[in-house]
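Examining the three-dimensional arrangement
Spelled out, the chains give:
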Amino acid sequence: MTRLPALVALAAGTALAGCSLAPTYVRPAAPVPTSWPVGDAYLRQSEARLPSVTYRDIFRDQRLQAIIDQALANNRDLRVAVANIEATRAQYRIQRADLFPQVNATGAYSYRDSGSSGVVTGTNGGGTTGTGTGTGGTGTGTGTGGTGAGGTGTGTGVTTVSSARSTFQAQLGVTAFEIDLFGRVRSLTSAALSRYFAQAAAARATRLTLVGDIANAWLTYAADRSLLAVSQQTAEAARASVKLTDARLRGGVAPRTDLRQAQQILATAEADLAQQTTLLAQDVNALQLLVGAPVDPALLPGSIEQAAATIGELPAGIDSGVLLRRPDVVQAEYSLRAYNAEIGAARAELFPRISLTGLVGFASTALRTLFNSGSFNYSVAPNASYPIFRAGAGRAGVAYSVAQRDAALASYEQTIQTAFQEVSDALARRGTITEQLAANRRFYEAALDTLNLTNARYRGGIDTFLSSLDAQRQLYSAQQILVQTQLTRATNLVTLYRTLGGDSLLDATPQGPTTATGGEADAAGVRAPAGAR
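The structure presented is a predicted model; accordingly, all values stated were derived computationally and were not measured.

Quick look at the packing of helix 3 (residues 62–74) against helix 6 (residues 256–291) now. Between helix 3 and helix 6, the shortest axis-to-axis distance is 7 Å and the interhelical angle comes to 50°. Judged by the inter-axis angle, helix 3 sits oblique to helix 6. Each of I67, Q70, A71 and N74 in helix 3 lies in contact with helix 6, whose residues at this interface are L287, L290 and V291. Tallied by class, the residues present in the contact of helix 3 with helix 6 amount to five nonpolar, two polar and no charged.

This next bit is on the packing of aromatic side chains. For the coordinates displayed, the defined rule picks out five aromatic pairs. Geometrically, the ring pair formed by F59 and Y497 is edge-to-face, given 5.1 Å between the ring centres and 70° between the ring planes. Remark: Y497 occurs in helix 10 (residues 465–499) and F59 occurs in the loop between helix 2 (55–58) and helix 3; sequence separation between them is 438 residues. According to the relative accessible area criterion, F59 is buried, its value standing at 0%. By relative accessible area, Y497 is classed as buried at 0%. Relative to F351, the ring of F182 lies with its centre 4.8 Å away and its plane at 20°, an arrangement referred to as stacked. One end of the pair, F182, is in the loop between strand 4 (165–179) and helix 5 (184–250); the other, F351, is in the loop between helix 8 (327–348) and strand 5 (353–364), and 169 residues separate them in sequence. Since its relative accessible area comes to 36%, F351 is described here as partly exposed. Three or more aromatic residues joined by ring pairs make a cluster, and in this case those are Y92, Y196, F197 and Y334.

This paragraph deals with the nonpolar core. Nonpolar side chains tend to gather and get buried jointly when the protein is soluble and globular. Ranked by internal contacts, the top residues of the largest apolar core, which has 61 residues, are W36, F59 and L219. Listed by contribution, the elements that provide at least two residues to this core are helix 2, helix 3, helix 5, helix 6, helix 7 (304–308), helix 8, helix 9 (393–459) and helix 10. Not counting the four nearest positions on each side in its chain, L219 is found in contact with I304, A307, A308, I311, L487, A490, T491 and V494. Membership of the second largest hydrophobic core comes to 15 residues, among which are A81, A203, L506 and A508.

On to the layout of surface pockets, then. Its boundaries defined by the atoms lining it, the largest pocket holds a volume of some 470 Å³. Looking at the largest pocket, it is lined by 22 residues, and the ones nearest its centre are R186, T189, S190, L193 and S194. Residue assignment for the lining of the largest pocket shows that the elements contributing at least two residues are helix 4 (76–96), helix 5 and helix 8. Top contributing element to the lining of the largest pocket by residue count: helix 5, with seven residues.

Mean pLDDT over the protein chain works out to 81, with 80% of the residues at or above the 70 mark. Averaged pLDDT values over the elements of the protein chain bottom out at 40 in strand 10 (residues 526–527) and peak at 96 in helix 3. Overall, residues 6–17 carries pLDDT values under 50, and its contacts beyond four positions in sequence, including any with other chains, amount to 16 contacts. Under a pLDDT of 50 for its full length, residues 523–533 has, in the predicted model, 33 contacts with residues more than four places off or in other chains.

What follows concerns the side chain of Q472. As for its position among the elements, Q472 is in helix 10. Exposure remark for Q472: the relative accessible area of 15% places this residue in the buried category. Residues within four places of Q472 in sequence aside, it is in contact with S241, I265 and L451.

For the structure shown, the criterion picks out 18 salt bridges. Residues R239 and E270 are paired through a salt bridge, measuring 3.6 Å at the closest nitrogen-oxygen approach. Of this pair, R239 sits in helix 5 while E270 sits in helix 6, and the two are 31 residues apart along the sequence. Under the relative-accessibility criterion, R239 is labelled partly exposed at 39%. Judged by relative accessible area, which is 35%, E270 ranks as partly exposed. If you follow the salt bridges from partner to partner, you end up with E178, R184, E349 and R353 in one network.

As for its placement among the helices and strands, N75 is situated in the loop between helix 3 and helix 4. According to the relative accessible area criterion, N75 is buried, its value standing at 5%. For N75, the side chain forms a polar contact with the main-chain nitrogen of L78, separated by 2.9 Å.

Inspection of the secondary structure puts L210 in helix 5. If sequence neighbours within four positions are ignored, L210 has contacts with A71, L72, N75, L78 and L290.

Before going further, it helps to examine unusual backbone geometry. Phi is positive for A176, which is not a glycine, with a value near 50°. Judged by relative accessible area, A176 falls into the partly exposed class, the value being 49%. The backbone of A391 sits at a positive phi, close to 60°, despite the residue not being glycine.

The rules behind these values
Residues numbered from 1 in each chain as written. Predicted model: local features only at pLDDT ≥ 70, side-chain atom pairs only at ≥ 80, totals over all residues. Heavy atoms only, no water. Axes fitted to C-alpha atoms, helices over the stretch in contact; angles between N-to-C directions. Helix = DSSP H or I, 4+ residues; strand = E, 2+ residues; numbered from the N terminus. Parallel < 35°, antiparallel > 145°, perpendicular 65-115°, else oblique. Contact = heavy atoms within 4.5 Å. Nonpolar A, V, L, I, M, F, W, Y, C, P; charged D, E, K, R; others polar. Phe/Tyr/Trp six-rings, centres within 6.5 Å; stacked < 30°, edge-to-face > 60°. Buried < 20%, exposed > 50% of the residue type's maximum accessible area, 1.4 Å probe, protein only. Core = buried A, V, L, I, M, F, W, Y, C linked by side-chain atoms within 4.5 Å. 1 Å grid on protein atoms, 1.4 Å probe; cavity = no way out; pocket = protein on both sides within 12 Å on 5 of 7 lines; lining within 4 Å. Points joined across faces, edges and corners; volume = space filled by probe spheres on them. pLDDT = per-residue confidence, 0-100. Salt bridge = Lys/Arg side-chain N within 4 Å of Asp/Glu carboxyl O. Polar contact = N/O pair within 3.5 Å; in protein donor to acceptor, adjacent residues only side chain to side chain.

Written as structure tokens, this is what we have:
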């Protein structure tokens with residue numbers, strides 16, 4: 001009785017301590033320069049490292065912060081990401097369960113009754129008939145009354161003997177538990193764990209993208225509000241100009257061409273006014289889709305000038321190694337780890353697979369004696385299987401796993417290269433946008449002054465009405481360009497936040513992704529794989 005528990009414990013210990021045939025994972029070198037590009041388009045970076053921030057440090061307007069908080073609680077993409085975390089968590093637990101024996105408990109009762117028949121033979125005296133069939137004898141005698149002896153009779157009959165029996169059983173059993181000598185199950189478990197971690201990083205990437213998209217949508221609404229105001233101002237000025245020109249036409253002072261040209265300016269402004277009204281409604285719809293709920297109009301900005309001033313800048317630092325902590329790069333690295341572990345599982349398929357089946361329990365013909373010592377029984381049946389011919393399928397499986405690992409490695413490196421390009425493009429835009437904004441502002445001021453001077457000259461009879469209309473067109477264009485440039489500068493700061501990882505920077509550790517502060521990664525309040533460790 002003491003040998004079976006020891007044998008099961010030995011098998012479990014052997015399985016848990018099995019070797020692994022997976023290649024040792026070493027993080028590949030990043031295929032990008034160690035520092036950001038330099039040149040005329042780039043600002044000089046003074047920070048050695050990227051500072052630790054939250055989105056509240058970059059997006060300082062409380063209205064935008066409230067919208068972001070609402071989106072983190074209601075956005076459906078983020079809910080899908082969290083559900084995917086739970087799905088991969090369950091897949092990991094299912095795979096990890098193969099490291100341990102599956103114990104089944106059974107109880108059984110059976111009843112058996114097999115009846116048997118036999119022949120019984122008997123004799124009777126006195127000439128009487130016995131049970132069954134018989135023959136009587138005859139006798140002779142002398143004297144008064146005579147005496148005689150009776151004969152004997154014989155007979156046969158059928159009788160039944162019962163052999164009914166009940167059986168009670170209670171058993172615990174382990175069926176085909178694989179003793180993981182070559183690490184096949186452990187490699188598959190490691191791969192499932194890495195995919196679990198990859199999904200946690202993916203959820204973090206979804207969160208980062210969501211915050212950036214909301215900020216951009218909020219700023220786009222602000223720019224469209226400014227463009228709407230420009231169109232309204234231009235339309236009002238054009239109506240006054242049309243009214244004045246029409247009066248001059250009726251007085252015989254101005255030609256009809258002046259009126260038609262003024263009407264062209266008015267029609268252009270009114271068309272833009274209708275378009276901007278549509279764009280504002282679409283901006284609200286886009287923002288509500290991102291948030292996943294209605295957005296309070298009081299949280300929307302009034303103009304791009306007002307909104308752009310509330311966006312802070314995230315310094316890029318000098319070292320490009322920060323890219324390795326972007327959530328999408330961390331996700332790619334955990335995927336690479338998963339494929340690397342699967343090589344070990346494929347290699348283990350080339351070796352014998354050893355399994356163990358065991359049964360321990362009680363059996364008795366009476367329920368009251370079921371758990372007596374004499375009713376105990378057990379059995380152990382180890383099994384070893386080794387495919388002696390698979391037409392090269394085993395080695396092909398290893399080659400397939402290696403090819404998948406190589407593809408994952410290329411994807412990981414490409415993710416880093418894409419991240420480097422995104423940051424470099426954002427830094428190049430950041431290095432020149434201030435000068436461009438200043439130039440466009442000067443252009444706007446010059447256009448405004450030109451319009452005032454041209455109108456004065458027109459009223460004084462020095463310039464033609466055509467010069468005034470051209471000045472109006474230049475001012476209208478200058479105002480639109482200035483708004484677009486202000487939007488570009490603000491969204492560039494958002495892009496820097498997103499491409500540098502913002503507050504979603506992670507460290508890809510064997511125990512799972514951790515944040516820059518050393519805590520566990522989370523998405524929308526859901527902790528990353530704590531139970532998997």
